[in-house]
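# Coordinate inspection notes
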Amino acid sequence: MYRTILGGALRPHPNLQLIINNTIAELNGAEKKGYMVLHARIEPDMMRQNVRVCTDKRVMNMTDIINMLYEKFPEPPVSAVLLVFSRDIIENEEANDKQDDDFHKLNSHNLKILNELRENGMWGGKVKVVE
């Protein structure tokens, strides 16, 4: 199937492919160590879902998620980390003065951590963090 896709069936427009290639090259860094994608499902709507499957295994605290990465990889395994999440949903929750539950408080914490990561990077600033 992969060959079919790359063979032309679903090939990106050349201009889009150039953007993709440039982004990948930038994320790989000068050392060509590659990059990691972290799709953190920490949005407040995800927190409030009454999910019966794996509820006890969900990790919604961004600090805990980042600490798990540091445990697994004591040294930086990549040049960059691409964080995927909905900043709009998180910032809208932050602006909502009517919410004051535990999810709202955790959302505030997570937004603070996300902003720190974007500003300071990870692994002591050795790894760039982008959204």
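Residues numbered from 1 in each chain as written. Predicted model: local features only at pLDDT ≥ 70, side-chain atom pairs only at ≥ 80, totals over all residues. Heavy atoms only, no water.

## What to know about unusual backbone geometry
Filter applied, for reference: The helix count covers DSSP runs of H or I at least four residues long, the strand count covers runs of E at least two residues long, and both are numbered beginning at the N terminus. Only protein chains enter the accessibility calculation, which uses a 1.4 Å probe. A residue is then buried if its area is under 20% of the maximum for its type, exposed if over 50%, and partly exposed in between.
One non-glycine residue, Trp 123, lies in positive phi territory at about 50°. Within the secondary structure, Trp 123 sits in the loop between α6 (102–120) and β3 (128–130). Note on Trp 123: relative accessible area 7%, which makes it buried.

## A word on the confidence of the model for the protein
Low pLDDT means the predicted atomic positions in that stretch should not be read closely. Cut-off, in case you're wondering: Every residue is assigned a pLDDT by the predictor, reflecting its confidence on a scale from 0 to 100.
Here the protein shows a mean pLDDT of 87. Residues at 70 or above account for 89%. Mean pLDDT values over the elements of the protein span from 62, in helix α1 (residues 2–9), up to 97, in helix α4 (residues 62–72).

## A few points about α4
So the rule is basically this: Comment: arc refers to directions from the helix axis out to C-beta atoms. Identification of polar contacts relies on pairs of N or O atoms within 3.5 Å, with a donor-acceptor requirement for protein atoms, meaning one able to donate a hydrogen and the other able to accept it, and with residues adjacent in sequence counted only if both atoms are side-chain atoms.
Turning to α4, its buried residues are Met 62, Ile 65, Ile 66 and Leu 69. Within α4, the buried residues cover an arc of 95° as seen down the axis, which keeps them to one side. Measuring from the side-chain oxygen of the N-cap residue of α4 to the backbone nitrogen of Thr 63 gives 2.8 Å; that N-cap residue is Asn 61.

## Considering the packing of helix α5 (residues 87–95) against α6
Which entries qualify depends on this criterion: Axis angles are defined between N-to-C directions and span 0 to 180 degrees, where every axis is a line fitted to C-alpha atoms and, for a helix, only to the segment in contact. Any angle that is under 35 degrees is reported as roughly parallel, and any over 145 degrees as roughly antiparallel; angles of 65 to 115 degrees are reported as roughly perpendicular and all others as oblique. Handedness of a helix crossing follows the sense of rotation of the near helix relative to the far helix, less than a right angle counterclockwise being left-handed and clockwise being right-handed. A contact between two residues is defined here by any heavy atoms of the two lying within 4.5 Å. Polarity classes work like this: nonpolar for Ala, Val, Leu, Ile, Met, Phe, Trp, Tyr, Cys and Pro, charged for Asp, Glu, Lys and Arg, and polar for all others, with Gly in that last group.
Relative orientation of the contacting elements α5 and α6 amounts to 130°, with a least axis distance of 9 Å. Taken together, the axes of α5 and α6 lie oblique to each other. Of the two elements, α5 crosses α6, and the hand of that crossing is left-handed. Residue-level contacts link Arg 87, Ile 90, Glu 91, Glu 93 and Glu 94 of α5 to His 104, Asn 107, Ser 108, Leu 111, Leu 114, Asn 115 and Arg 118 of α6. Tallied by class, residues from the contact of α5 with α6 come to three nonpolar, four polar and five charged.

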